[in-house]
Each structure stands twice: as C-alpha cells, then as structure tokens.
Amino acid sequence: MKPALLLCVALLPLHAVANTSSHSVEYQMDFSVMDSDRSDITHELNDVGSAHNTLSYRYAVTDWMSVGVGYLWGDSDDFALFPVDAFTDSKLEYQGIQYSVRLQLPLSQRNRLYLQANGLDFDYDVFDDGEVVGSDDGFDFGLSAGWRYEWDIGLGLKVGYDYQKLGDHIDIKGISVALSYRF
C-alpha cells in the first residue's frame, strides 16, 4: 500500500505541470496519396501512395495558437495505398524541415478542432531501378485540419487531413495520426 501511495504522490506534480506547460513534442504518421505531373523530374514516378513521419517540437503561444518546428521524412516505398504500388520499381524519397502555426478552437476541456499552416524546406529524389532519375529541393506550403484530444497527464491524440506541396511537381494529401506529450 505504501509504495502505491508514494507513487501517486510522486506523480502528482507531473499532473499539475502537464496542464500548465507550453512545451510539447509530437510524432505524426501520414498515409497519403501522391499527385505528380509528368515533368522531367517525375516522369518515371508511378507510385500513387506514400507514408511519412514528422517529429516536432511545439510551443503554445496562447491557448488557441502554437508554433512548431519539426523534421519530416518519408517515401512511397513503405506504404502501398493501392495495389499498383506493389508492381512499380520507381519510388519517391523526401525529407525536410517543417515550420508550422496551429490555431485551435476548443470544443470542451480536452477536445479541440485545429487548422495548421505548414512551411516545408524540402528535398526529394525520384528513384527508378535503384538509380536517381530526378530530384528537387525548395520551400513550399501545406495545410492540415482535424481534431485533437488531450488527457490531463499531457498525452494527446490528433487525427486530421493533411495537404503538402513539394514544389511544382508533387502534391501529397492524406490522413494523419499523431501522438503528443506536453511537458
């Protein structure tokens, strides 16, 4: 009995800090559909699905606005959204630094709707038969919208729809799921 009581007393300050802290980390997974034009850079790319991850740090400026920076990486090889992906030998690998501003509308104490504007300093390579056949880098924008839920202990869950441009040639849009921790 005493160890359980001691554990509860030790975790009590974490509960209080989790609700008042402005800092958080977030891990997000996106399962997406890619649209690409048939330019010189992307003409060999036949994949239609991709998956990427984002690991980010967020700072809550106010209760309804936060800013963040993170690292995004992914490819079209990890996730076959449609069966046609399994039969292609081309793939897209991409990465970048993502900057974001998130606005939140509280629905209740723990539920929020959000709208997020993203800027991505990206770099990608298109591979065919294991060789780079095209690449591009630059800075572009995207949007996210969805729902967030945060427990009292600082853990959060986010589900949404994301749209990200990778320059003039590739658009990625899909469903995202994220876990966060406020500290």
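Each chain carries its own residue numbering, running from 1 in the written order of its sequence. Only residues with pLDDT of at least 70 are given local features in this predicted model, and only at 80 or more are side-chain atom pairs given and counted; all residues enter the totals for whole chains, interfaces and linings. Only heavy atoms go into the side-chain values, all of them from the structure, while hydrogens and water stay out.

A short note on the packing of aromatic side chains
The description of two aromatic rings rests on the distance between their centres and on the angle between their planes.
So, step 1. Each aromatic pair joins two rings of Phe, Tyr and Trp (for Trp, the six-membered one) with centres within 6.5 Å, and gets the label stacked for planes under 30 degrees apart, edge-to-face for over 60, and tilted for any other angle. One pass over the structure, following the stated rule, counts 6 aromatic pairs.
So, step 2. Relative to Phe 141, the ring of Phe 139 lies with its centre 5.3 Å away and its plane at 85 degrees, an arrangement referred to as edge-to-face.
So, step 3. We call a residue buried when its accessible area falls under 20% of the maximum for its residue type, exposed when it is over 50%, and partly exposed in between, using a 1.4 Å probe and counting protein chains only. Classification of Phe 141 by relative accessible area gives exposed; the value is 54%.
So, step 4. By the ring-pair criterion, three or more aromatic residues cluster together here, those being Tyr 99, Phe 139 and Phe 141.
So, step 5. Across from the ring centre of Tyr 114, 5.4 Å away, lies the NZ or CZ of Arg 102, which sits over that ring. In this analysis the charged atom, NZ for Lys or CZ for Arg, is taken to sit over a ring once it is within 6 Å of the ring centre and within 35 degrees of the ring normal.

A word on the pairing of strand E2 (residues 49-60)
So, step 1. In this description a helix means any DSSP run of H or I spanning at least four residues, a strand means any run of E spanning at least two, and both kinds are numbered starting from the N terminus. The element E2 is extensively covered by neighbouring structure, given that 9 of its 12 residues are classed as buried.
So, step 2. Strands were regarded as paired on the criterion that DSSP finds at least two bridges between them. As paired elements, strand E1 (residues 23-36) and E2 share 11 bridges and run antiparallel to each other. When the sheet's bridge partners are listed, Met 29 is paired in E2 with Asn 53.
So, step 3. Here E2 hands over to strand E3 (residues 65-75) after 4 residues, the two strands then running antiparallel side by side.

Re the sheet that holds strand E8 (residues 170-182)
So, step 1. Strands sit in the order E1-E2-E3-E4-E5-E6-E7-E8 around a closed barrel of 8 strands; the barrel is antiparallel. In this sheet, neighbouring strand axes are inclined to one another by 20 degrees on average, regardless of whether the strands run parallel or antiparallel.
So, step 2. Direction of pairing for E1 relative to E8: antiparallel, over a ladder of 13 bridges. Within E8, the residue paired with Tyr 27 across the bridge is Leu 179. Fitted lines through C-alpha atoms give the axes, limited to the stretch in contact for helices. The angle between two N-to-C directions lies from 0 to 180 degrees.

Observations concerning the pattern of salt bridges
So, step 1. Any carboxyl oxygen of Asp or Glu that lies within 4 Å of a side-chain nitrogen of Lys or Arg is treated as forming a salt bridge with it. Tallied over the full model, the rule gives 8 salt bridges.
So, step 2. Where Lys 173 meets Asp 35, a salt bridge forms, and the shortest distance between an N and an O atom there is 2.7 Å. Of this pair, Lys 173 sits in strand E8 while Asp 35 sits in strand E1, and the two are 138 residues apart along the sequence.
So, step 3. Residue Asp 35 is classed as partly exposed on the basis of its relative accessible area, which comes to 35%.
So, step 4. Residue Glu 93 pairs with Lys 91 through a salt bridge whose shortest N-O separation is 3.0 Å.
So, step 5. Here the residues in one salt-bridge network are Glu 26, Arg 102 and Lys 158, joined through shared partners.

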